[in-house]
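# Overview (structure and organization)
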Amino acid sequence: MSIESDPHVRAVEATLFASDQPMTVEQIRGYVGDDVDIADALAQLEAHYAGRGIELVRRGKSWHFQTAADLAYVLRREREESRKLSRAAVETLAIIAYHEPVSRAEIEAIRGVQISKGTLDVLMEAGWVRPAGRRDVPGRPLIYATTAGFLSHFGLASRKDLPGIDDLKAAGLLDPIDTAMGDMHFAGEESDSELEIDENNA
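These lines cover the structure that appears in this document, whether it is placed above or below. Since the model is a prediction, treat every value here as computed from it, not as a measurement. (Residues numbered from 1 in each chain as written. Predicted model: local features only at pLDDT ≥ 70, side-chain atom pairs only at ≥ 80, totals over all residues. Heavy atoms only, no water.)

## A few points about the overall build of the protein chain
Helix and strand counts for the protein chain come out as ten helices and seven strands. Taking all 202 residues of the protein chain together, 32% fall into the buried category. Sequence-distant contacts in the protein chain: of pairs separated by 6 or more residues, those separated by 24 or more amount to 53%. On the protein chain, roughly 13100 Å² of surface is accessible, and the fraction owed to carbon and sulfur atoms is 51%. (Helix = DSSP H or I, 4+ residues; strand = E, 2+ residues; numbered from the N terminus. Buried < 20%, exposed > 50% of the residue type's maximum accessible area, 1.4 Å probe, protein only. Contact = heavy atoms within 4.5 Å. Areas by Shrake-Rupley, 256 points an atom, 1.4 Å probe, with all protein chains shown as cover.)

Written as structure tokens, this is what we have:
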């Protein structure tokens, strides 16, 4: 059965097209029902739209339609004035992306300097970083993680697509201080029992 004549695929397509936000499989299921093989429908739609002006892409656990990256210039009528991040903000964002979830104290330990009050605020205002609960240790410090918006902005399907330490070294983007960061374990390897996640911010 072709996509055009498959009611289940068409239902998933219509649901995603009508949404102004990326949707997870569970959110899509809330519209199309439990009898639809959503994973199969998404796979068919992803293949169908590949290479076209509009593509179906996955960002983390969510799916959405977007203009093909190589055609973005066609729709840009005004030049966007980009806000350049400070070195501190770039370093902080990188640390969070590679070690999330991570606390302010842990970020400062990796960078070797204190974070100014506005650095995390800038990253949260950009929609790239979010509070992700509190660590279950004395003081219960707030911990931070990246968002789906971060993945979308940098064209990543998941954090697994982040370049590895060897890739960064080969590109000449790491100095000896930066390389030391590679010796730390990802915070994601910690036991789930060590974290109390705020589901409202997940």
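## As for the pattern of salt bridges
Evaluation of the coordinates by the stated rule reveals seven salt bridges. Two residues, R29 and D34, come together in a salt bridge whose shortest N-O distance is 3.9 Å. Accessibility expressed as a relative area gives 24% for R29, which makes it partly exposed. For D34, a relative accessible area of 67% gives the class exposed. Ionic pairing is found between R140 and D136, a salt bridge with its closest N-O pair at 3.8 Å. We classify R140 as partly exposed; its relative accessible area is 31%. The network of salt bridges with shared partners includes E26, R29 and D34. (Salt bridge = Lys/Arg side-chain N within 4 Å of Asp/Glu carboxyl O.)

## A few points about unusual backbone geometry
Of the consecutive residues E100 and P101, the connecting peptide bond is found in the cis state with omega at -10°. With phi around 40°, R140 is a residue other than glycine that occupies positive phi space. Note that R140 resides in the loop between strand 5 (129–135) and strand 6 (142–146).

## Observations regarding the packing of aromatic side chains
What the rule picks out here adds up to three aromatic pairs. One aromatic cluster in this structure is built from W128, F150 and F154. (Phe/Tyr/Trp six-rings, centres within 6.5 Å; stacked < 30°, edge-to-face > 60°.)

## Description of a nonpolar patch on the surface
Among the surface-exposed residues, L71, Y73, V74 and L75 lie close enough to one another that they form a single nonpolar patch of about 420 Å² accessible area. Within the secondary structure, V74 is located in helix 4 (residues 72–75). We classify V74 as exposed; its relative accessible area is 52%. (Patch = residues over 30% accessible without salt bridge, like charges linked within 9 Å, V, L, I, M, F, W, Y side chains within 5 Å.)

## Considerations on the environment of E46
Mapped onto the secondary structure, E46 falls in helix 3 (residues 38–49). Considering only alpha carbons, one finds E46 and V57, eleven residues apart in sequence, at a separation of 7.0 Å. Beyond its immediate chain neighbours, meaning those up to four positions away, E46 contacts L56 and W63.

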